[in-house]
Amino acid sequence: MTGSVERAVSYGLLVFFSLAALAPILGVILTAFHDPDALVAGLSVPDPFTVESFRQAWNEGGFSSSLRTSAVITLTTVVVSTVLSVLAGYAFGTMRFRGATALFYVFLFGLLMPFEATIIPLYFDFRRLGLTDTVWGVILPSTALSIAFGTFWMRAFFRSAPRSLMEAARIDGASSMGTLLRILLPYGRPAILTMVVLVFMWTWNDFLLSLVMLSGQNILTAPLSLVFFQTQRTTDVQLLAAASIIVAFPVLLVYVFLQRHFIRGMVSGSLKG
Amino acid sequence: MAAAATVGASPEAGIPRRRGDVGPPGEPRRIGYLYVLPGLLVYAAFVLVPFGHTFWISFHAWDGITPSTWVGLDNYRQVFTDPQVRETFTHALVLIVFYALVPLVLGLLLAALLSRMRVRGIGSFRAILFLPQVVALVSVGIVWRWILAPDGPLNEALRAIGLGSLARPWLGDFTWALPSVGLVGTWVMFGLAMVLLVAGVQKIPLSLYDAARVDGAGPVREFFVVTLPALRNEIVVVLVLTTTTALRSFDLVYVMTGGGPGTSTSVPSYRLYTAAFQTGEAGLGAAIGIVLAIAIFAIAFGITRLAERGDQ
């Protein structure tokens, strides 16, 4: 095989696989821009382009309230788990104390453990405590799981941070908290952003936890309301397409701007699904 | 497991820990506990304790309402003998082929082709290939349900090219429903495998290939002698990520088939969900959860081990 043939084949395959990844997404977008009453069979270009399906899906699916609930849950989870992960990762990454390694393995356990293995008692305990059908029923478990990943991630970052930075702060008499806040956090912004982006995606996209914790009488997350909407409108292809896009959109939007963080995070060290 | 988890976590690679800590002399070393404590409390309360509690429930017959009764290993016996529970693990193994092996093979194929060239515009390809990973799985499931529907785009396309006899209600077919769900898993996962493996292959020094070529290696030998060994870490990460996702698959099954037709696409997580929250068999659900966790740990550990052995 000559070099140029090899190149052509390689690029051809890359284009082919990219199309395979894109085709279903493009198909859905095309479908969603059809009029809700149009007859859509297979793939077709909308004529005329209209956002009517989005509007109808938005209203009938109750997405304005479910998106707000998802935003509250996701934001709280991201903020709390980030703060706690930075603190724990800082200790594991820079300090020596008895049992640190063993304790770190305890956190690693949560990285691989399928959280299905905790959901049953969580539900029954939360129901007793009146936490089901509240945002906290979702926030608390998802924060705890995110801490397992976050601690792992931040420890790796703090271990790689130049010792000279910390030693300089130490010579200046900074406390450990001062070193963290004034020196390491500004330096670690990219690593923290990667973690934030991943936790955001996982929490926003989560379905099983909210399915178990929320009955739907009170509040719904976006993925949950999408599934409820689907069971009501099984045959309305345009509406379902529009609703699917609405739910996936926030993460996709962030992905457009921060895709390097998504990829770097998933590629280097994440074991969560 | 720890090894698997830290594979590829490049930030810390190769930096030896120094003795002595960072805090100023005035601060006790025990301050470390204070930093870990808040995270540990939350993590313990909502992950560790419930996990232990699941273990406890798995030895009971419990409908979630009335008091539970101790039944010893009965639930575990049911997991391994009841055909309707056991088959969910078989289905999960089938899904591993689609979620893990097919993406791995596709990724290695692409990596092998790209091993000797530096690709232009790799960034855009990477962003596109990775896209299926970030779309909410419920959206993915709904979209593919439409694609695979009796009058959906796939069947329309088959009819259009004269293969109408192949058209079928993919998700309503006892034979084809599980592979169809698996294929969606392939779609979600193949880009991740490619991104990881291609990134890995681009780090292999070209001199290794030149050396192999001087030794008279053809493209196939080159792949087995140079590319494959150099990609060991990436392969471990791909396999661990994809197999655990396959074993845990729930969202796609729930949205696309609801375990059907019959129970032909039921998977462990789905059976766990119905057992605990629909049919009043919380003990059975808990046992499925524990077995699933053990399976995931064993497979992740096994993959890591295999790779380490290949090292020597």
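Note that this is a predicted model, so its numbers are computed, not measured. (Residues numbered from 1 in each chain as written. Chains lettered and ligands numbered in written order. Predicted model: local features only at pLDDT ≥ 70, side-chain atom pairs only at ≥ 80, totals over all residues. Heavy atoms only, no water.)

1. Here's the deal with the overall build of chain B
And then number 1: Per the secondary structure count, chain B includes 14 helices and two strands.
And then number 2: Taking the principal axes of the C-alpha coordinates as reference, chain B spans close to 80 × 70 × 35 Å.
And then number 3: Relative to its 312 residues, chain B shows a buried fraction of 54%.
And then number 4: Expressed as a percentage of contacts within chain B between residues at least 6 apart in sequence, the contacts between residues at least 24 apart total 68%.
And then number 5: Within the structure as shown, chain B displays about 13,500 Å² of accessible surface, and the carbon and sulfur contribution to it stands at 66%. (Helix = DSSP H or I, 4+ residues; strand = E, 2+ residues; numbered from the N terminus. Buried < 20%, exposed > 50% of the residue type's maximum accessible area, 1.4 Å probe, protein only. Contact = heavy atoms within 4.5 Å. Areas by Shrake-Rupley, 256 points an atom, 1.4 Å probe, with all protein chains shown as cover.)

2. Points about the overall build of chain A
And then number 1: Along the backbone of chain A there are 12 helices and zero strands.
And then number 2: Mapped in sequence order, the helices and strands of chain A form the string α-α-α-α-α-α-α-α-α-α-α-α.
And then number 3: Counting only C-alpha atoms, chain A reaches 70 × 70 × 30 Å along its principal axes.
And then number 4: Of all 273 residues assigned to chain A, the portion counted as buried reaches 59%.

3. Focus: the packing of helix H6 (residues 135–160) of chain A against helix H9 (residues 189–205) of chain A
All names here are of chain A.
And then number 1: H9 packs onto H6 with a crossing angle of 155 degrees between their chain directions and a minimal axis gap of 10 Å. When the interaxial angle is binned, H6 and H9 end up roughly antiparallel. The handedness of the crossing between H6 and H9 comes out as right-handed. The residues of H9 that touch H6, namely those facing Ser 142, Ser 146, Phe 149, Gly 150, Trp 153, Met 154 and Phe 157, are Ala 191, Ile 192, Thr 194, Met 195, Leu 198, Val 199, Trp 202 and Thr 203.
And then number 2: In the contact of H6 with H9, the residues fall into 10 nonpolar, five polar and no charged. (Axes fitted to C-alpha atoms, helices over the stretch in contact; angles between N-to-C directions. Parallel < 35°, antiparallel > 145°, perpendicular 65-115°, else oblique. Left-handed = near helix turned anticlockwise from the far one by under 90°. Nonpolar A, V, L, I, M, F, W, Y, C, P; charged D, E, K, R; others polar.)

4. Overview of the confidence of the model for chain B
Residue and element names in this part refer to chain B.
And then number 1: Mean pLDDT over chain B stands at 88; residues scoring 70 or higher make up 90%.
And then number 2: Note that residues 1–26 has pLDDT below 50 and, in this model, 62 contacts with residues that lie over four places away or in other chains.
And then number 3: Interface confidence for the predicted complex, given as ipTM, is 0.91, next to a pTM of 0.90. (pLDDT = per-residue confidence, 0-100.)

5. Observations regarding the nonpolar core
And then number 1: Among the nonpolar cores identified, the biggest contains 198 residues, and Phe 92 and Ile 120 of chain A together with Phe 130 of chain B are the most heavily contacted of them.
And then number 2: A total of 16 residues in this core trace back to one element, the largest contributor, which is helix H12 (residues 237–267) of chain A.
And then number 3: Those residues in contact with Ile 120 of chain A that lie beyond four places of it in its chain are Ile 57, Leu 272, Ala 276, Phe 277, Ala 282, Gly 285 and Ala 286 of chain B. (Core = buried A, V, L, I, M, F, W, Y, C linked by side-chain atoms within 4.5 Å.)

6. Regarding the interface of chain B and chain A
And then number 1: On the chain A side, the residues contacting the 105 residues of chain B number 108 residues.
And then number 2: Counting the surface lost from both chain B and chain A, the interface buries some 9,700 Å², and carbon and sulfur atoms represent 74% of this.
And then number 3: Where chain B packs against chain A, one counts one salt bridge.
And then number 4: Here Glu 116 of chain A makes a salt bridge to Arg 248 of chain B, at a shortest N to O gap of 3.3 Å.
And then number 5: Between the two partners, chain B and chain A, sit 15 residue pairs in polar contact (both at pLDDT 80 or more).
And then number 6: Take the side of chain B that touches chain A: its biggest share by element is 18 residues, from helix H2 (residues 31–57) of chain B.
And then number 7: Here the residues of the side of chain B that touches chain A are counted per class, giving 74 nonpolar, 16 polar and 15 charged. (Buried area = accessible area lost by both parts, 1.4 Å probe. Salt bridge = Lys/Arg side-chain N within 4 Å of Asp/Glu carboxyl O. Polar contact = N/O pair within 3.5 Å; in protein donor to acceptor, adjacent residues only side chain to side chain.)

7. Considering a nonpolar patch on the surface
Residues and elements named next belong to chain A.
And then number 1: Judged by side-chain polarity, Leu 75, Val 79, Val 80 and Val 83 come together as a nonpolar surface patch covering roughly 340 Å² of accessible area.
And then number 2: Looking at where Leu 75 falls in the secondary structure, it is placed in helix H3 (residues 63–94).
And then number 3: The class for Leu 75 is exposed, based on a relative accessible area of 59%. (Patch = residues over 30% accessible without salt bridge, like charges linked within 9 Å, V, L, I, M, F, W, Y side chains within 5 Å.)

8. Section: the environment of Val 143 of chain B
And then number 1: You can see Val 143 of chain B is positioned in helix H6 (residues 137–147).
And then number 2: On the accessibility criterion, Val 143 of chain B (11% relative accessible area) is buried.
And then number 3: For the pair formed by Val 143 of chain B and Met 256 of chain B, sequence separation is 113 residues and the distance between their alpha carbons is 9.2 Å.
And then number 4: Setting aside anything within four residues of it in sequence, one finds Val 143 of chain B in contact with Pro 24, Val 28 and Ser 244 of chain A.

9. Focus on helix H5 (residues 122–130) of chain B
And then number 1: What H5 of chain B keeps buried is the set Phe 125, Ala 127, Leu 129 and Phe 130 of chain B.
And then number 2: Those residues of H5 of chain B hidden inside the fold are in contact with helix H1 (3–32) and H12 of chain A together with helix H8 (177–201) of chain B.

10. Overview of the side chain of Gln 238 of chain A
Residue and element names in this part refer to chain A.
And then number 1: The residue Gln 238 is located in helix H12 in this model.
And then number 2: At 2.9 Å, the side chain of Gln 238 forms a polar contact with the backbone oxygen of Asp 35.
And then number 3: Not counting residues within four places of it along the chain, the set of residues in contact with Gln 238 comprises Thr 31, Ala 32, His 34, Asp 35, Pro 36, Asp 37, Ala 38, Val 40 and Ser 53.

11. A short note on unusual backbone geometry
And then number 1: Across the junction of Gly 260 of chain B and Pro 261 of chain B, the peptide omega takes the value -5 degrees, indicating a cis bond.
And then number 2: Along the polypeptide, Pro 261 of chain B turns up in the loop between helix H12 (251–256) and helix H13 (268–277).
And then number 3: Here the phi dihedral of Asp 133 of chain A falls at roughly 65 degrees; this positive angle occurs in a residue that is not glycine.

12. So, the packing of aromatic side chains
And then number 1: Tallied over the entire structure, the rule returns 41 aromatic pairs over all chains.
And then number 2: Seen in terms of ring centroids, Phe 97 of chain A and Tyr 33 of chain B are 5.0 Å apart; in terms of plane orientation they differ by 65 degrees. Their pairing is edge-to-face. Within this pair, whereas Phe 97 of chain A is found in the loop between H3 and helix H4 (100–112), its partner Tyr 33 of chain B is found in helix H2, the two belonging to separate chains.
And then number 3: In this structure Tyr 33 of chain B comes out as partly exposed when scored by relative accessible area, which is 33%.
And then number 4: Summarising the aromatic geometry, the rings of Phe 250 of chain B and Tyr 270 of chain B are spaced 6.0 Å apart at their centres and angled 35 degrees between planes, so their arrangement reads as tilted. With a gap of 20 residues between them, Phe 250 of chain B in the loop between helix H11 (232–248) and H12 and Tyr 270 of chain B in helix H13 connect regions that are remote in the sequence. Grouping residues by exposure puts Phe 250 of chain B and Tyr 270 of chain B together as buried. (Phe/Tyr/Trp six-rings, centres within 6.5 Å; stacked < 30°, edge-to-face > 60°.)

13. Section: the environment of Val 83 of chain A
And then number 1: Take Val 83 of chain A: it is sitting in helix H3.
And then number 2: Placed 109 residues apart in sequence, Val 83 of chain A and Ile 192 of chain A show a C-alpha to C-alpha distance of 9.9 Å.

14. Details of the side chain of Thr 132 of chain A
And then number 1: Tracing the chain through its elements places Thr 132 of chain A in the loop between helix H5 (116–129) and H6.
And then number 2: Not counting the four nearest positions on each side in its chain, Thr 132 of chain A is found in contact with Tyr 123, Phe 126, Arg 127 and Met 213 of chain A.

15. What about the packing of H4 of chain A against H2 of chain B?
The geometry of a pair of packed helices is captured by two quantities: the angle between their axes and the separation between those axes.
And then number 1: In contact at an axis separation of 11 Å, H4 of chain A and H2 of chain B are set at 50 degrees when each is read in the N-to-C sense. Compared by their axis directions, H4 of chain A and H2 of chain B come out oblique. In the packing of H4 of chain A onto H2 of chain B, the handedness of the crossing is left-handed. Taking contact as the criterion, the partners of Leu 103, Val 106, Phe 107, Phe 109 and Gly 110 of chain A in H4 of chain A are, on H2 of chain B, Val 36, Gly 39, Leu 40, Tyr 43, Leu 48 and Phe 51 of chain B.
And then number 2: Of the residues contributing to the contact of H4 of chain A with H2 of chain B, the split by class is nine nonpolar, two polar and no charged.

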